[in-house]
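Report on the structure
The residues making up each chain are set out below.
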Amino acid sequence: MSDCLVVGGGIIGLSLAYELSRRGISVALVEQGEWGGQASSAAAGMLAPLKEFTAPGPMLDMGMESLALYPGWAHDLEECTSGDVQLSLEGLLTVALNDQEQELLEAKYQWQKESGHSVHWLVGKEIAEVEPMLTDKAQAAIYSPDEGHINNRLLLRALVTACRLQGVKLLSGCVVSGIAVKAGKVVGVDSSMGPLRAGHTVITSGAWAGIMLEMLGVSVPVRPVRGQIAAVSSVGIPLRTVIFGTTGYITPKKDGKIVIGATEDESGFQREVTLAGLASILNGVMPYVPALHAATFLEAWGGLRPATADRKPLLGPIPGWAGLSIAGGHFRNGILLSPITAKWMADYLEQGKTEQLTPFMPSRFLDN
Ligand code: GLY
């Protein structure tokens, strides 16, 4: 019996298990496939709250707080595992190619600046000074020098190693068949590896979280939204910054790849790459960096983002079920939001703190 059972071994489950074990809490972590084998390894590893969140509010605050945790989080993981997670906070450009895009972007820049965020408004040649590979058709850009990306696959590997070193009971290839309840309290799960019991159970199974909770007759609005994404070689394309346009993003990774993406399409639980998806990615990014026309194609893949009805995560207790919580629904930002999710959920599980979880409580969908 563990203090805590975490069900779902993607970036959220691994980060939570890591954080709990750092606090001396005994944890078992269950994953039906491979560690981080779904959306977490499919992601581009973007750490870009100012780009991703379109208005001030709890999502942006959460994203900024998580970004601020990243250097320490990555450093501790690298120390613990002797690995490199290739954290790169070297700046991001959000680019406008025409007047209409410029108007929208300038409005965004205004509130970001007024809120005190580290952003710069660049026009014409100023943009080329930051990123010479960008098209000369770029009219204006928001430059956010403190955003960036991480190698999410290395991050996942480091988290698995750190969890193992800290004594987390790691059960991959373990299929959950039911949620176990005793006297109205969730006491763990039943699984292909037998009964797993714990003082508290947390569902962290990404796009599958809804299916998991349906086992108790609890309906939370989590659905898969496919992201198709690709990688090309960076040879001959020495990009300095992440580039976001209205039709795509371009992320120069430290491993010699440029990750380009991404679609947002509804395909149920299918994560295959389609020709239409690939065409949409290529047409979406090439206008921003013309050199990409000559790039060597490496690979394309798909992942299933866990989307909630209001596109905010679900964090906290499941009403009516003592001993059961969820940390999920991170949609496009699971990698970015994993350190803060782990911290807030561990604060809740260890100390009962719910203040920070308030805007994200599952009760917003379940109380009625
Ligand atoms: N965070 C980028 C994406 O979901 O495509």
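Our subject in this report is the structure included herewith. The shown structure was predicted, so the numbers you read here are calculated from the model rather than taken from an experiment.

Pairing is mixed in the open sheet, where 8 strands are placed in the order 5-6-4-13-14-15-12-16. In the strand order of this sheet, the two ends are held by strand 5 (120-123) and strand 16 (297-308), each with one partner. Averaged over all pairs of adjacent strands, the angle between their axes in this sheet comes to 20 degrees, without regard to strand direction. Pairing of strand 4 (residues 92-96) with strand 6 (residues 140-144) involves 5 bridges; the strand directions are antiparallel. Within strand 6, the residue paired with Leu93 across the bridge is Tyr143. Each of strand 12 (222-233), strand 14 (248-252), strand 15 (257-261) and strand 16 is contacted by helix 9 (residues 275-285), which is oriented at about 60 degrees to strand 12, the strand it contacts most.

In this section: the state of the cysteines. As enumerated under the stated definition, the model contains 0 disulfides in all. Of the cysteine sulfurs around Cys163, a residue in no disulfide, the closest is that of Cys80, at 8.9 Å. Judged by its relative accessible area of 0%, Cys163 is buried. Left unpaired, Cys174 is separated from the closest cysteine sulfur, that of Cys4, by 15 Å. Here Cys174 falls in the buried class, since its relative accessible area comes to 1%.

Right, let's talk about the site of the ligand for a bit. Neighbouring the ligand are the residues Glu52, Tyr249, Ala262, Arg305 and Arg332. Separating an oxygen atom of the ligand from a side-chain N or O atom of Tyr249 is a distance of 2.7 Å. In the environment of the ligand, a nitrogen atom lies 2.7 Å from a nitrogen or oxygen atom belonging to the backbone of Arg332. When isolated, the ligand has an accessible area of 190 Å², and the protein chains bury 90% of it. Of the residues belonging to the shell around the ligand, the class tally is 2 nonpolar, no polar and 3 charged.

Criteria and cut-off values
Residues numbered from 1 in each chain as written. Predicted model: local features only at pLDDT ≥ 70, side-chain atom pairs only at ≥ 80, totals over all residues. Heavy atoms only, no water. Pairing = 2+ DSSP bridges. Helix = DSSP H or I, 4+ residues; strand = E, 2+ residues; numbered from the N terminus. Axes fitted to C-alpha atoms, helices over the stretch in contact; angles between N-to-C directions. Contact = heavy atoms within 4.5 Å. Disulfide = S-S within 2.5 Å. Buried < 20%, exposed > 50% of the residue type's maximum accessible area, 1.4 Å probe, protein only. Near = heavy atom within 4 Å. Polar contact = N/O pair within 3.5 Å; in protein donor to acceptor, adjacent residues only side chain to side chain. Areas by Shrake-Rupley, 256 points an atom, 1.4 Å probe, with all protein chains shown as cover. Nonpolar A, V, L, I, M, F, W, Y, C, P; charged D, E, K, R; others polar.

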